[in-house]
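# Residue-level structural notes
Listed below are the residues making up each chain.
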Amino acid sequence: QVQLVESGGGLVQPGGSLRLSCAASGFSLGSYAIGWFRQAPGKAREGISCFSRIVGSLYYTDSVKGRFTISRDNTKNTVYLQMNNLKPEDTAVYYCARRRLVCSATASGYDTWGQGTQVTVSS
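The structure reproduced in this document is the subject of the present report. Note that this is a predicted model, so its numbers are computed, not measured.

A few words now on the packing of aromatic side chains. The description of an aromatic ring pair uses the distance of the two centres, along with the angle that the planes make with each other. On inspection of all chains with the given rule, the structure shows five aromatic pairs. When the ring of Tyr 95 is compared with that of Trp 113, the centres are 6.3 Å apart and the planes differ by 80 degrees; the resulting orientation is edge-to-face. With Tyr 95 in strand S9 (residues 92-99) and Trp 113 in strand S10 (residues 110-113), the pair connects residues that are 18 residues apart, well separated along the chain. Each member of the aromatic cluster is reached from another via a ring pair, and the members are Phe 37, Tyr 95, Tyr 110 and Trp 113. Its guanidinium or amino end placed over the ring of Tyr 95, Arg 45 lies 4.1 Å from that ring's centre, counting from NZ or CZ. Taking the ring centre of Trp 113 as reference, the NZ or CZ of Arg 45 above it sits at 4.7 Å.

Quick look at the structure:
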């Protein structure tokens, strides 16, 4: 069964850090583009980072550049999102998702999604 499971969210103060995990089952991460998205109440789902080993692509949306880092552990079949210097504007439910071949900054074309993990940045 193809499955993605996010974990690592929680409540942090502004300026704090969290590391989110996206554990994949039923497929190899190296065969797909993997993206991180977030959605705040009343707002559209926003693509924040993605990589594709197949085509060698990597991106971060401007609002997280220099603060967030995407990485992977092939032995654990897990993708991570390290989030530093968190801001209240980062508060959202964070999702990881799978897409064939290439990354997209929009949610279209991603065929498998995790359940999401809540990140709340507040003092």
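Don't stop here, the text continues.
Here the focus is the environment of Gln 1. Looking at the element boundaries, Gln 1 is found in the segment before strand S1 (3-7). Taking the C-alpha atoms as reference, Gln 1 lies 22 Å from Leu 20; in sequence the two are 19 residues apart. Dropping the residues within four chain positions of it, Gln 1 is found in contact with Ser 25 and Gly 26.

What follows deals with the state of the cysteines. By definition, a disulfide links the sulfur atoms of two cysteine residues through a covalent bond. Under the criterion given, the structure shown has two disulfides. At a sulfur-sulfur separation of 2.0 Å, the disulfide partner of Cys 22 is Cys 96. On the sign convention where negative means left-handed, the S-S torsion of about 75 degrees between Cys 22 and Cys 96 marks this disulfide as right-handed. Pair noted here: Cys 22 is in strand S3 (residues 18-25) and Cys 96 is in strand S9, with a separation of 74 residues, a long-range link. In this pair, the class of Cys 22 matches that of Cys 96, namely buried. With its sulfur 2.1 Å from that of its partner, Cys 50 forms a disulfide with Cys 103. On the sign convention where negative means left-handed, the S-S torsion of about -85 degrees between Cys 50 and Cys 103 marks this disulfide as left-handed. Of this pair, Cys 50 sits in strand S5 (residues 46-52) while Cys 103 sits in the loop between S9 and S10, and the two are 53 residues apart along the sequence. Overall, the relative accessible area of 0% leaves Cys 50 in the buried class. If one numbers only the bonded cysteines of the protein chain, in the order they occur, the disulfide pattern is 1-3, 2-4.

What counts and how
Residues numbered from 1 in each chain as written. Predicted model: local features only at pLDDT ≥ 70, side-chain atom pairs only at ≥ 80, totals over all residues. Heavy atoms only, no water. Phe/Tyr/Trp six-rings, centres within 6.5 Å; stacked < 30°, edge-to-face > 60°. Helix = DSSP H or I, 4+ residues; strand = E, 2+ residues; numbered from the N terminus. Lys NZ or Arg CZ within 6 Å of the ring centre and 35° of its normal. Contact = heavy atoms within 4.5 Å. Disulfide = S-S within 2.5 Å. Buried < 20%, exposed > 50% of the residue type's maximum accessible area, 1.4 Å probe, protein only.

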